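Now for the letters of each chain:
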Amino acid sequence: MLHSAERILTTHAGSLPRTPALLEANRAKGSVPEAEYDQLLQDSVVDVVRRQREAGIDVVNDGEYGHVMASEVDYGAWWHYVFARISGLTPGEVGLWEQEPQRSSPGHVVLTSFGDRRDRQTFNDAYTDPTSGITTGKQAPFPKITGKLEYTGHAAVEADIRNLKAALQATGASEGYLAALSPGSCARLENTHYADEDEVLAACAEVMREEYRAITDAGLVVQIDDPSIAENWDQVNPEPGVEDYLAFTRKRVEALNYALEGIPEEQVRFHLCWGSWHGPHTTDLGFEHLVELMLSIRAGGYSFEAANARHEHEWKVWQDHELPEGKVIIPGIVSHATNVVEHPELVADRIERFARQVGRENVIASTDCGLGGRIHPQIAAAKLETLARGAELASRRLWS
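The notes below deal with the structure included here. (Residues numbered from 1 in each chain as written. Predicted model: local features only at pLDDT ≥ 70, side-chain atom pairs only at ≥ 80, totals over all residues. Heavy atoms only, no water.)

Once that is clear, we can look at the sheet that holds strand S3 (residues 86-90). What the three strands build is an open sheet, ordered S3-S4-S6; its pairing is mixed. Edge positions in the sheet fall to S3 and strand S6 (190-191), since each has one partner strand and no second. Pairing analysis gives four bridges linking S3 to strand S4 (residues 144-151), with the strands arranged antiparallel. Note on S4: the bridge partner recorded for Ser87 is Glu150. Packed on one face of the sheet, helix H8 (residues 197-217) meets S3, S4 and S6 and runs near 35° to S4. (Pairing = 2+ DSSP bridges. Helix = DSSP H or I, 4+ residues; strand = E, 2+ residues; numbered from the N terminus. Contact = heavy atoms within 4.5 Å. Axes fitted to C-alpha atoms, helices over the stretch in contact; angles between N-to-C directions.)

A separate point is the layout of surface pockets. Where empty space is left in the structure can be found by rolling a water-sized probe over the atoms. In this model, the second largest pocket occupies a volume close to 740 Å³. Leu111, Arg188, Leu189, Glu190 and Asn191 are the residues nearest the centre of the second largest pocket, which is lined by 30 residues in total. Of all the secondary structure elements, the ones that give two or more residues to the lining of the second largest pocket are S6, H8 and helix H10 (242-259). Per element, the largest residue contribution to the lining of the second largest pocket is three residues, and it comes from H8. Grouping the amino acids of the lining of the second largest pocket by side-chain chemistry returns 14 nonpolar, eight polar and eight charged. (1 Å grid on protein atoms, 1.4 Å probe; cavity = no way out; pocket = protein on both sides within 12 Å on 5 of 7 lines; lining within 4 Å. Points joined across faces, edges and corners; volume = space filled by probe spheres on them. Nonpolar A, V, L, I, M, F, W, Y, C, P; charged D, E, K, R; others polar.)

At a minimum axis separation of 8 Å, H8 and H10 run at an interaxial angle of 35°. As H8 runs across H10, the sense of the crossing is right-handed. Together, Glu197, Asp198, Leu201, Ala205, Glu206, Arg209 and Tyr212 of H8 and Phe248, Lys251, Arg252, Ala255, Leu256, Tyr258 and Ala259 of H10 make up the contact between the two elements. Taken together, the residues of the contact of H8 with H10 sort by class into eight nonpolar, no polar and six charged. (Left-handed = near helix turned anticlockwise from the far one by under 90°.)

Attention now moves to the pairing of strand S9 (residues 301-304). Neither face of S9 is exposed, since Gly301 and Ser303 on one face and Tyr302 and Phe304 on the opposite face are all buried. Strand direction decides the pairing type here: strand S8 (residues 268-272) and S9, joined by four bridges, are parallel. Bridge pairing links Leu272 to Phe304 in S9. Inspection of the sheet shows S9 paired to strand S10 (residues 328-334) by four bridges, in the parallel sense. When the bridges of S10 are listed, Ser303 appears paired with Ile330. (Buried < 20%, exposed > 50% of the residue type's maximum accessible area, 1.4 Å probe, protein only.)

As structure tokens, this is what we get:
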């Protein structure tokens, strides 16, 4: 994982806006000749890496362009891309919002339906009012697990690797990463095949480790996308005790650590967030309850939301928790949750807060979450540029 003892490096959390041509090709996928689509995808990846470098981003990725997104607004491509890379799934009949609610009890935590999430229930009038500005994106019915899960995405991940490597070579970028789903997030599907959630988690770990190894064996960094660590809290109804929730979540961390066995930690970055939808988020669990569990994950870098109005204050967590030696933090410094483009001075101030707590060489400035499918492409580009300008300001101050 790229480090610098001379300045603050920059990156972002993964998804970037797709081009109109790529969106149209994704909508027409199946009717576009395969060779033509593959060439468009590779050219698009080279272009998005070039634009990242021009904006001043040091650690780049493929924009998650290999994770098919067919709409300008899409909050689920980070998750549902994997459905085309796993066997043992069959189409579901019921949408995420229409599934039956599930109730938890002390010592027994289960996930309820998306429509029964506590933030949505607390602000139901706002969530159901199309003029409120709350956006959760449209989701088709998700599949369910009806057979043994096996990884079948070898050709797809090899294409992701090939396209990113071509882009790195074409632009001279020194490091690139690819995002991949965590076992815990992978397991959030209806299951009729396995005996219990432990078996589902174990199966998802076996499946996803193939993707992690393909990426890292190719010399790239893998980013584990795992909103489930924090976001699941809102999907437990009624609100559980913190210890019960952490016990529930620890199983997901153990499954991930199993899947990461044998992979050098410096080739792994972990992304934690509270979901990327534009909502109130009053039922988010505080980062102080999650930080030690996050640090137990076998990764060299930890990415987390830290720029939005609900979590910006949590930089103070690092006053009470020590970053292990050799690790870096990748805090969100600009947010996907607002169209307001952060001023470079604010960006620098946020970076400096973290640098004072964990050491300037241990901070890589990033975005809260993916920008693709969440904000307009023009605004996303401006946010990457202001991130880079703010990092330059912070570097001058921290190394002066």
